[in-house]
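# Structural overview
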Amino acid sequence: MWLEILLASVLGFVVYWFVSRDKEETLQLEDGWWGPGARPTGGEDESIRPFKVETSDEEINDLYRRIEKVRLTSPLEDSRFHYGFNSNYLKKVLSYWRNEFDWRKQVEILNRYPHFKTKIEGLDIHFIHVKPPQLPSGRTPKPLLMVHGWPGSFFEFYNIIPFLTDPKNHSLSDEHVFEVICPSIPGYGYSEASSKKGLNSVATARIFYKLMLRLGFQEFYVQGGDWGSLICTNMAQLVPSHVKGLHVNMAFVAKNFYPLTLFLGRRFGRLFGHTERDMELLYPVKEKMFFSIMRESGYMHIQSTKPDTVGCALNDSPVGLAAYILEKFSTWTNSEFRDLEDGGLERKFSLDDLLTNIMIYWTTGTITSSQRFYKENMGRNFMTDKHNQIKVYVPAGYAAFPCELIHTPEKWVKLKYPKLISYSYMARGGHFAAFEEPELLARDICKFVGLVEQE
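Residues numbered from 1 in each chain as written. Predicted model: local features only at pLDDT ≥ 70, side-chain atom pairs only at ≥ 80, totals over all residues. Heavy atoms only, no water.

## Quick look at the confidence of the model for the chain
Selection criterion: A score from 0 to 100, pLDDT tells how confident the predictor is in each residue. Note on contacts: a residue pair is in contact if any heavy atoms of the two residues lie within 4.5 Å.
Residues with a pLDDT of 70 or more make up 93% of the chain, whose mean pLDDT is 92. Every residue in residues 1–10 is under pLDDT 50, and counting partners more than four places away or in other chains gives 10 contacts. A low-confidence stretch, residues 13–20 stays under pLDDT 50, and its non-local contacts, those more than four residues away or across chains, total nine contacts.

See below:
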């Protein structure tokens, strides 16, 4: 007992010293060139060009041929999703994909919102830009940049956009009306992939900052999950005077001693600011932290070291690509879905929506370049990059979804984001928050923006 108290006191002192010694810093806003060859001597074309998603009979027929030639391995008895994507359920997905899924119809849905491309740092950057269909008299919309992660895409935001741009017609207050900009990370979907090594989250944040300036926005809100949360965080570290507020539903809190306190057990949780809800989401630590990370992080090691190797297989096989990506939409939505024969995929998503996200990767051939983002961010200087060492000094909001891969208590978040003004325990939902629970996330974004505007 006394040893535990001593350890708790020492850890408390270390945390206090660690928190109190930091000074306010920002990242240096540099420049880059990621296109092929050397940077041209002339200026870059800064025009913004309309873009449309298109398809063809050749593209669709090639997909069908590859699906028809699939060769699957039978699953072990009673294995469900414990060994990965269950091939018995995969047969159902493939049958739907081949015989019922209408890619042409989904292309029309994708084109429902206006798409654009523009050259930034040598890359053709794709984005959608959705303005409110109507505004209350005398009001201007609030610009909001929303950034996806892996293995998602800009399509994750299609269902949340109406709540943000047309809230009154979607059961929300029209106190806050947004115009939403959703870019594709370079190397994802319709954004051109880098030709050079080193395009990481900080470079992406700088590119998206330039995009917002090009669209005429000097101040704006940013929101993201997964890689999107890191990119938006980096943007707030690069140009804090331009970011009015940062809202995330996942936090990278690498420089943080608080997780060490978990091993002291539940009895000392309150000493370190953990609530009862935190305790429920963090304990038992062995299962919810250690085993969970071990189960769900194998892909990360591959993609952080040799992404091109597995990329060769995934870029050549739509079936392999679907299994690889859809498995994440199962267990990252709810870890208990691994106990189900179908991985629980259709409990939260439709096959049309899931396969549309797959098709964005498949038709653009960008699975390999999307995986390289892990290598660029985690393969070198992992945990030692400056952005991991410094805090974020813009107003911040955090939505804690209960089925996120790892729960991050408010105390942990506040260590990275000292100006945290909103922390919400969400009623339900997992990693793909905007895709899974668009209304819940939209309400929390509006709550956060309201608090920022009051300050």
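## Looking at the pattern of salt bridges
Stated precisely, the cut-off is as follows: Salt bridge, as used here: a side-chain nitrogen of Lys or Arg that lies within 4 Å of a carboxyl oxygen of Asp or Glu. For the purposes of this entry, the term helix denotes a DSSP run of H or I that reaches at least four residues, the term strand denotes a run of E that reaches at least two, and both are numbered from the N terminus. Partly exposed describes any residue whose relative accessible area lies between the buried limit of under 20% and the exposed limit of over 50%, with all areas from a 1.4 Å probe on protein chains only and scaled to the type maximum.
Inspection of every chain in the model, using the stated rule, returns 25 salt bridges. Across the salt bridge formed by Lys 386 and Glu 25, the nearest N and O atoms sit 3.7 Å from each other. Of the two residues, Lys 386 is situated in helix H16 (residues 386–389) and Glu 25 in the loop between helix H1 (2–20) and strand S1 (48–51); the sequence distance between them amounts to 361 residues. On the basis of relative accessible area, Lys 386 is assigned to the partly exposed category, the value being 42%. One salt bridge connects Glu 439 with Arg 443, and the closest N-O pair in it is separated by 2.9 Å. Residue Glu 439 and its partner Arg 443 are located together in helix H19 (residues 438–454), separated by four residues, close to a single helical turn. Take Glu 439: its relative accessible area is 29%, and that puts it in the partly exposed class. A relative accessible area of 41% means that Arg 443 is categorised as partly exposed.

## Focus: the sheet that holds strand S2 (residues 115–120)
Pairing between the strands of a sheet is mediated by backbone hydrogen bonds and can be parallel or antiparallel. What counts is decided by this rule: Paired strands, in this sense, are two strands between which DSSP finds at least two bridges. Axis definition: a line fitted to C-alpha atoms, over the contacting stretch in the case of helices. Angles run 0 to 180 degrees between N-to-C directions.
Taken in spatial order, the nine strands of this open sheet run S1-S2-S3-S5-S4-S6-S7-S8-S9, and their pairing is mixed. Taken across any chain shown, the strands that pair with only one partner, and hence form the sheet edges, are S1 and strand S9 (420–425). Averaged over all pairs of adjacent strands, the angle between strand axes in this sheet comes to 25°, irrespective of strand direction. Note that S2 and strand S3 (residues 123–130) share six bridges and pair antiparallel. Following the sheet pairing, His 115 is matched in S3 by Ile 128.

## A word on the environment of His 247
Put simply, the rule reads: Here a polar contact means two N or O atoms within 3.5 Å. Within protein one must be a hydrogen donor candidate and the other an acceptor candidate, and residues neighboring in sequence count only if both atoms are side-chain atoms.
Tracing the chain through its elements places His 247 in strand S7 (residues 243–248). Accessibility expressed as a relative area gives 1% for His 247, which makes it buried. In the structure, His 247 is positioned 15 residues away from Cys 232 in sequence and 8.4 Å away in space, judged by C-alpha atoms. With residues up to four places along the chain from it excluded, the contact list for His 247 reads Val 222, Gln 223, Gly 224, Gly 397, Ala 399, Leu 441, Asp 444, Ile 445 and Phe 448. At 2.8 Å, the side chain of His 247 forms a polar contact with the side chain of Asp 444.

## Side note on the environment of Asn 377
Turning to its location among the elements, Asn 377 is positioned in helix H15 (residues 367–378). Residues Asn 377 and Asn 200, spaced 177 residues apart in sequence, show a C-alpha to C-alpha distance of 5.4 Å. The residues contacting Asn 377, other than those within four sequence positions of it, are Asn 200, Ser 201, Trp 227, Leu 230, Phe 382 and Asp 385. Separated by 2.9 Å, the side chain of Asn 377 and the backbone nitrogen of Ser 201 make a polar contact.

## Side note on helix H9 (residues 285–296)
Inclusion rule: Given the number of residues in a helix, its expected span is that number minus one, multiplied by 1.5 Å. The arc in question is the one spanned by the directions pointing from the helix axis to the C-beta atoms.
In a regular helix each residue adds 1.5 Å, so 12 residues correspond to 16 Å; H9 covers 15 Å between its end C-alpha atoms and thus fits that length. Of the positions making up H9, those classed as buried are Val 285, Met 289, Ser 292 and Glu 296. Summarising the axial view, the buried residues of H9 lie within an arc of 125°, below the 170-degree limit, and thus occupy one face. When the buried face of H9 is taken as reference, the exposed residues oriented beyond 90 degrees from it are Lys 286 and Met 294.

## A closer look at the packing of helix H3 (residues 87–99) against helix H14 (residues 351–364)
We count it as follows: The labels follow the angle: roughly parallel below 35 degrees, roughly antiparallel above 145, roughly perpendicular from 65 to 115, and oblique for the rest. Gly is put with the polar residues, along with every residue not named as nonpolar or charged; the nonpolar set is Ala, Val, Leu, Ile, Met, Phe, Trp, Tyr, Cys and Pro, and the charged set is Asp, Glu, Lys and Arg.
The contact between H3 and H14 brings their axes to 11 Å, and the two run at 80°. The orientation of H3 relative to H14 falls into the category roughly perpendicular. Contacts from Tyr 89, Val 93, Tyr 96 and Trp 97 of H3 reach H14 at Leu 351, Asp 352, Leu 355, Ile 358 and Met 359. Among the residues making up the contact of H3 with H14, the classes are represented as eight nonpolar, no polar and one charged.

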